[in-house]
Amino acid sequence: MLDELPATPGRQTAAVTKTRFAVSDLTGADPYKLATGLIVPRPIGWIGTISSDGVPNLAPYSFFNCMSGTPPTFVFAPGRSVRRDTLDNVREVGEFTINIVTDEVVDAMNSTAASHEPGVDEFVEAGLTAVPSESIRPPIVGECRANIECVVVDIVDIGHPKHGNSLVIGEAVQFHVDEALLDGTRVDQAARRAVGRHVGNAYSRATDLFEIMRPD
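Not measured: the values here are computed from a predicted model.

A cluster of nonpolar side chains, contributed by Phe175, Val177, Leu182 and Val187, occupies part of the molecular surface with about 290 Å² of accessible area. Among the structural elements, Leu182 can be located in strand 11 (residues 182–183). According to the relative accessible area criterion, Leu182 is partly exposed, its value standing at 33%.

See below:
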């Protein structure tokens, strides 16, 4: 059950002193630190792929979100200069799975963030069950309470030519959801036990839920 947040029209904001940053003046990792420190919590796309040679890959991305509901469309943005397996796989095979991160699998998710040599099967490394998908080649994580099978519709290179990211856009073709989380097609948010990404080693659990009624 969600708590209801009392309406507070006309709430005043205390005066604050702000430091201004021109992006053109920032160097090194400073733009990244500001962006990822302010846009939080970010959902985690635990992305399953497979190489053209049939080797599964699994890696988490917090540059990830749902962009449209009809058809269900998702994006994630792997870096072009690090952890190349995921990006290479989606370019070659054109399919991926989204494995929903909840409190139950957060440690396993974190273990798949480690850097490995190309061609390593992270399902095996993390001790996870690679369950065959229904409609696509990459497997889903059996331990997750929900999974989504997606086909790639576009890949757009963004950011720095060498050190930027590639925005992978995919459409869902199949959902797998634990029946205990469902009321029809509505997902019980308290039972889902969502985990969000912050910055550095910081994560959060979505346990402090509240409701605000939309205006007419």
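In this structure, the largest pocket spans a volume of roughly 1,100 Å³. As for the largest pocket, its lining consists of 42 residues, and the residues nearest its centre are Ile100, Val187, Gln189, Arg192 and Ala194. Looking at the lining of the largest pocket, the element that brings in the most residues is strand 4 (residues 64–69), giving five residues. For the lining of the largest pocket, the per-class residue count stands at 25 nonpolar, nine polar and eight charged. Within this model, the second largest pocket holds a volume of roughly 900 Å³. Around the second largest pocket, the lining is made up of 28 residues, and of these Tyr32, Phe63, Ala77, Gly79 and Asn165 lie nearest the centre. For the lining of the second largest pocket, the secondary structure elements donating two or more residues are strand 3 (56–61) and helix 3 (106–111). Residues belonging to the lining of the second largest pocket are distributed by class as follows: 12 nonpolar, 12 polar and four charged.

Turning our eyes to something else, we now look at the sheet that holds strand 2 (residues 45–50). Taken together, seven strands build an open sheet; the order of strands is 3-2-6-9-10-5-4 and the sheet is antiparallel. Each end of this open sheet is capped by a strand with a single partner; those strands are strand 3 and strand 4. Averaged over all adjacent pairs, the angle separating strand axes in this sheet is 30°, with direction ignored. Across six bridges, the pairing between strand 2 and strand 3 is antiparallel. Residue pairing for strand 3: Gly48 is matched across the bridge by Leu58. Seen against the sheet, helix 2 (residues 84–93) touches strand 2, strand 3, strand 5 (72–76), strand 6 (95–100), strand 9 (146–158) and strand 10 (165–177) and runs at an angle of roughly 55° to strand 2.

So, on to the pairing of strand 5. Counting buried positions over the five residues of strand 5 gives four, a clear majority of the element. With five bridges connecting them, strand 4 and strand 5 associate as antiparallel partners. Across the sheet, Ser68 pairs through a bridge with Thr73, a residue of strand 5. The turn joining strand 4 and strand 5, which pair antiparallel and follow one another in sequence, is formed by two residues. As defined by bridge partners, strand 5 adjoins strand 10 across four bridges and the pair is classed as antiparallel. Across the sheet, Val75 pairs through a bridge with Ile169, a residue of strand 10.

On to unusual backbone geometry. Of the consecutive residues Val40 and Pro41, the connecting peptide bond is found in the cis state with omega at -15°. The omega angle of the peptide bond from Thr70 to Pro71 is -5°, so this bond is cis rather than trans. Positioned with a positive phi, Arg193 is a non-glycine residue whose angle comes to about 55°. Inspection of the secondary structure puts Arg193 in the loop between helix 5 (189–192) and strand 13 (195–197).

Here the structure, examined in full by the defined rule, presents nine salt bridges. The partner of Arg193 in a salt bridge is Asp103, and the shortest N-O contact between them spans 2.9 Å. In this pair, Arg193 is assigned in the loop between helix 5 and strand 13 and Asp103 in the loop between strand 6 and helix 3, connecting sequence segments 90 residues apart. The exposure class of Arg193 is partly exposed, given its relative accessible area of 39%. Taking the shortest distance from any N to any O, the salt bridge between Asp178 and Arg145 comes out at 3.0 Å. With Asp178 in the loop between strand 10 and strand 11 and Arg145 in the loop between strand 8 (140–141) and strand 9, this pair connects stretches of sequence that are 33 residues apart.

Before going further, it helps to spend a moment on the environment of Asp25. Among the structural elements, Asp25 can be located in the loop between strand 1 (3–4) and helix 1 (30–38). Look at Asp25 and you get exposed, because its relative accessible area is 61%. As a C-alpha pair, Asp25 and Pro139 span 114 residues in sequence and 44 Å in three-dimensional space.

About the thresholds
- Residues numbered from 1 in each chain as written.
- Predicted model: local features only at pLDDT ≥ 70, side-chain atom pairs only at ≥ 80, totals over all residues.
- Heavy atoms only, no water.
- Patch = residues over 30% accessible without salt bridge, like charges linked within 9 Å, V, L, I, M, F, W, Y side chains within 5 Å.
- Areas by Shrake-Rupley, 256 points an atom, 1.4 Å probe, with all protein chains shown as cover.
- Salt bridge = Lys/Arg side-chain N within 4 Å of Asp/Glu carboxyl O.
- Helix = DSSP H or I, 4+ residues; strand = E, 2+ residues; numbered from the N terminus.
- Buried < 20%, exposed > 50% of the residue type's maximum accessible area, 1.4 Å probe, protein only.
- 1 Å grid on protein atoms, 1.4 Å probe; cavity = no way out; pocket = protein on both sides within 12 Å on 5 of 7 lines; lining within 4 Å.
- Points joined across faces, edges and corners; volume = space filled by probe spheres on them.
- Nonpolar A, V, L, I, M, F, W, Y, C, P; charged D, E, K, R; others polar.
- Pairing = 2+ DSSP bridges.
- Axes fitted to C-alpha atoms, helices over the stretch in contact; angles between N-to-C directions.
- Contact = heavy atoms within 4.5 Å.

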